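These are the residues of each chain, in order.
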Amino acid sequence: MAQKFDYLKTERDLRIWQDEVYAISKGKFEQGKRPSFKGLMEIISSEPVILTAIHNIKANKGSKTPGSDSQSIREAFLEKGYDEVVGQIQEMMKNYNPKPVRRVWIPKPGKKELRPLGIPTIADRVIQECVRIAIEPILEAQFFKYSFGFRPMRDSKMALERITNLVRETGYHWVIEGDISKFFDKVNHSVLLKKLWHMGLKDRRLLIIIKRMLKAGIMDEISENPIGTPQGRPPKKSVINANLTPNISINRI
């Protein structure tokens, strides 16, 4: 039976809710089952989630970087009244259509080539953060224990410690490092959305919002993105010609 939820009233309610859904998701997963959650948009559009999302975005170093609408977080939200800001975000969620992202190119550490980065508007970033706050405890509970990439309270140092322990336990001294070239440029939207549904996100309103986030256009390039994620999409021609190829290196420990 799917879990349904009502609007949260305080940030304490949010923390309690996150702990509860994590425990439910973890319990189902350990039983060899999958959780099922509905009514997630009531959580995502609640005042405590919106307020937490704005605080998180404000604390981020890139909060002053404008998107395609040229607005900073101060202009978009901080100079407005509380009720006005919350109402604006809630209204956007009712029929969500993200604005095109602004494309910038940043250097790759240790390489000459540049990496494409899509910068959403501040309002779109806040809505993305609202979604993350709600779905992270559900999905985190089902991820592999020793997966360390792009996860809260995990980092590369922990991954190296895990490798070191395995070397000591097994006696093996070779580590194979693999990387999929242009992975985020080639993410299939349909496959990703089906996976989210399978992992328990059974609120179709939420999946529609995530789909529109994925398909957000790129300013001065394309109006709708057919493949890949906003954080790292190349121009349209590159999307068509990009190859999904592994980069492998073998290191002795």
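Residues numbered from 1 in each chain as written. Predicted model: local features only at pLDDT ≥ 70, side-chain atom pairs only at ≥ 80, totals over all residues. Heavy atoms only, no water.

A.B. asks: Pulling in residues and values, what's your account of the pairing of strand 2 (residues 114-119)?
C.D. replies: Strand direction decides the pairing type here: strand 1 (residues 102-107) and strand 2, joined by six bridges, are antiparallel. In the strand pairing of strand 2, Arg-103 is matched with Gly-118. Taking the residues between adjacent antiparallel strands as the criterion, strand 1 and strand 2 are bridged by six residues, where Gly-110 takes a positive phi near 80 degrees. (Pairing = 2+ DSSP bridges. Helix = DSSP H or I, 4+ residues; strand = E, 2+ residues; numbered from the N terminus.)

A.B. asks: Break down the pattern of salt bridges for me, with residues and values.
C.D. replies: This model, assessed by the stated rule, comprises seven salt bridges. With its nearest N and O atoms 3.3 Å apart, the salt bridge here joins Glu-91 to Lys-94. Taken together, the residues span about one helical turn, with Glu-91 and Lys-94 both in helix 5 (residues 82-94) at a distance of three residues. What makes Lys-94 exposed here is its relative accessible area of 65%. One salt-bridge network, in which partners are shared between bridges, spans Glu-42, Asp-203 and Arg-205. (Salt bridge = Lys/Arg side-chain N within 4 Å of Asp/Glu carboxyl O. Buried < 20%, exposed > 50% of the residue type's maximum accessible area, 1.4 Å probe, protein only.)

A.B. asks: Please set out helix 9 (residues 204-214) residue by residue, giving values where relevant.
C.D. replies: Listed in full, the buried residues belonging to helix 9 are Leu-206, Leu-207, Ile-209, Ile-210, Met-213 and Leu-214. With its buried residues spanning 155 degrees around the axis, helix 9 presents them on a single face. (Arc of directions from axis to C-beta.)

A.B. asks: Quick rundown of the packing of aromatic side chains? Include the residues and the values.
C.D. replies: Considering all chains together, one arrives at three aromatic pairs under this definition. A ring pair is formed by Phe-144 and Tyr-146, whose centres lie 5.8 Å apart and whose planes are at 75 degrees; its orientation type is edge-to-face. For Phe-144, a relative accessible area of 57% puts it in the exposed group. The partly exposed category is assigned to Tyr-146, whose relative accessible area is 32%. Aromatic rings pair up to connect Phe-150, Phe-183 and Phe-184 into one cluster. Note that Arg-103 overlies the ring of Trp-105, its terminal NZ or CZ placed 5.6 Å from the centroid. Stacked on the ring of Tyr-146, the Lys or Arg Arg-162 has its end atom at 3.5 Å from the ring centre. (Phe/Tyr/Trp six-rings, centres within 6.5 Å; stacked < 30°, edge-to-face > 60°. Lys NZ or Arg CZ within 6 Å of the ring centre and 35° of its normal.)

A.B. asks: Let's hear about the confidence of the model for the protein: which residues, and what values?
C.D. replies: Scored by pLDDT, the protein has a mean of 86; 90% of the residues are at 70 or more. Note on residues 232-246: pLDDT under 50 across the span, and 37 contacts to partners over four residues away in sequence or across chains. (pLDDT = per-residue confidence, 0-100. Contact = heavy atoms within 4.5 Å.)

A.B. asks: I'd like a description of unusual backbone geometry, backed by residues and values.
C.D. replies: We note that Ser-70 has phi near 65 degrees; this positive angle belongs to a residue other than glycine. Turning to its location among the elements, Ser-70 is positioned in the loop between helix 3 (47-59) and helix 4 (73-78).

A.B. asks: Tell me about the environment of Pro-226, and name the residues and values.
C.D. replies: By the element assignment, Pro-226 lies in the loop between strand 5 (222-224) and helix 10 (236-241). Residues Pro-226 and Ala-216, spaced ten residues apart in sequence, show a C-alpha to C-alpha distance of 9.2 Å. In contact with Pro-226, not counting residues within four places along its chain, are His-189 and Lys-215.

A.B. asks: Residue-level account of helix 8 (residues 189-198), with values.
C.D. replies: Along helix 8, the residues classified as buried are His-189, Leu-193 and Leu-196. Taken down its axis, helix 8 places every buried residue within 60 degrees of arc, on the same side. Facing away from the buried side of helix 8, by more than 90 degrees, are the exposed residues Val-191 and Lys-194. In this fold, the buried residues of helix 8 make contact with helix 6 (122-140) and helix 9. The backbone nitrogen of Ser-190 has a side-chain oxygen 3.0 Å away, supplied by the residue at the start of helix 8, namely Asn-188. Following helix 8 by one or two positions, Gly-200 has its phi on the positive side, about 120 degrees. (Polar contact = N/O pair within 3.5 Å; in protein donor to acceptor, adjacent residues only side chain to side chain.)

A.B. asks: I'd like a rundown of the packing of helix 6 against helix 9, residues and numbers included.
C.D. replies: Look at helix 6 against helix 9: their axes get within 11 Å of each other, and the N-to-C directions meet at 130 degrees. Regarding the angle of helix 6 to helix 9, the classification is oblique. Remark: the crossing between helix 6 and helix 9 carries left-handed chirality. Where helix 6 abuts helix 9, its residues Ile-127, Gln-128, Val-131 and Ile-135 lie against Leu-206, Ile-209, Ile-210 and Met-213. Considering only residue class, the contact of helix 6 with helix 9 consists of seven nonpolar, one polar and no charged. (Axes fitted to C-alpha atoms, helices over the stretch in contact; angles between N-to-C directions. Parallel < 35°, antiparallel > 145°, perpendicular 65-115°, else oblique. Left-handed = near helix turned anticlockwise from the far one by under 90°. Nonpolar A, V, L, I, M, F, W, Y, C, P; charged D, E, K, R; others polar.)

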